[in-house]
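Fold and contact review
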Amino acid sequence: GIHTGPVLSGTIGCDRRMKFGCMGDPINLASRLEGLCKVYGVNIVCSSSTKEAVVPDMFAFRKLDHVQVKGKTDAVEVYELLEQSGAMEFAALFSHFDSSDSPTSLREVGTGDSTAGTRSARERARQRTHSLNSERFVWAQAYEEALALYQKGEFVDCVTSLEGLLKDHPDDKAATVLLQRAQSMLGPNGSTELSEEQLRTWTGITSLTDK
């Protein structure tokens, strides 16, 4: 589980026993996200804060859900880290900066005007993101579209979309979990059981009770 946020870190203790540690709410949320790996059957779960903090185009993500984890009042969007778009391309991009350059300047230069070499490295990374595993990219996009349908309360279309997805990817646990949730919102006749008022207030947020 990966989350990005400010924490208090340093050597904690007394002269008889000391250790280096970190404290803060982001640590607790990261721990909760780790537990979601089993729920969705994925290797790495990260928050939207982490996704927004990384260098653009360097990693590929799949949006998994919008969840309220146990012990938290605010919901957070969670993503599966699919793959690094290309270590060689990242190294080529980073080679244009010295140790005094900050991660922020790296992102800014990567997205704006820069040297021809930097643009070339970045373009290779972008191309690799979309061509490295196009089938996997399409699969991730199809899941995200089904998730969007669920979050809008369009459960029938969501079920149809996920059933098609699972025919090609039967081992996708996240899609299976989402399908079960969507099916639970349908009645015996195949239509939604929510009233018009419930649909107007529907958020699609998943409340989790386990750590």
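This text goes with the structure placed above it.
Conventions used here
- Residues numbered from 1 in each chain as written.
- Predicted model: local features only at pLDDT ≥ 70, side-chain atom pairs only at ≥ 80, totals over all residues.
- Heavy atoms only, no water.
- Pairing = 2+ DSSP bridges.
- Helix = DSSP H or I, 4+ residues; strand = E, 2+ residues; numbered from the N terminus.
- Buried < 20%, exposed > 50% of the residue type's maximum accessible area, 1.4 Å probe, protein only.
- Contact = heavy atoms within 4.5 Å.
- Phe/Tyr/Trp six-rings, centres within 6.5 Å; stacked < 30°, edge-to-face > 60°.
- Lys NZ or Arg CZ within 6 Å of the ring centre and 35° of its normal.

Strands in a sheet are paired, the pairing made by backbone hydrogen bonds, and the direction either parallel or antiparallel. Pairing is mixed across the open sheet formed by four strands, whose spatial order is E3-E5-E4-E6. Looking at which strands have only one partner, the edges of the open sheet turn out to be strand E3 (45–47) and strand E6 (206–207). Relative to E6, strand E4 (residues 59–68) runs parallel, the two being bridged by two bridges. Each bridged residue has a counterpart across the sheet, and for Val67 the counterpart in E6 is Thr206.

So, about the environment of Phe20. Examined against the element boundaries, Phe20 turns out to sit in strand E2 (residues 18–23). Sequence separation of Phe20 and Gly10 is 10 residues, and the distance between their C-alpha atoms is 5.4 Å.

Looking now at the environment of Ile44. Relative to the helices and strands, Ile44 resides in the loop between helix H1 (25–40) and E3. Assessed through its relative accessible area of 30%, Ile44 is described here as partly exposed. Sequence separation between Ile44 and Leu33 is 11 residues; the distance between their C-alpha atoms is 8.7 Å. With residues up to four places along the chain from it excluded, the contact list for Ile44 reads Ile2, Cys37, Tyr79, Glu80 and Leu81.

Take the packing of aromatic side chains next. This structure, assessed with the given rule, holds four aromatic pairs. Considering the side-chain rings of Tyr150 and Trp202, the 5.5 Å spacing of their centres and the 80 degrees angle between planes classify their relative orientation as edge-to-face. Taken together, the residues span a long stretch of sequence, with Tyr150 in helix H6 (residues 134–151) and Trp202 in the loop between helix H9 (196–200) and E6 at a distance of 52 residues. For Trp202, a relative accessible area of 22% corresponds to the partly exposed category. In this structure an aromatic cluster arises from ring pairing among Tyr150, Phe155 and Trp202. One residue, Arg62, lies across the ring of Tyr143, its end atom 4.5 Å from the ring centre.

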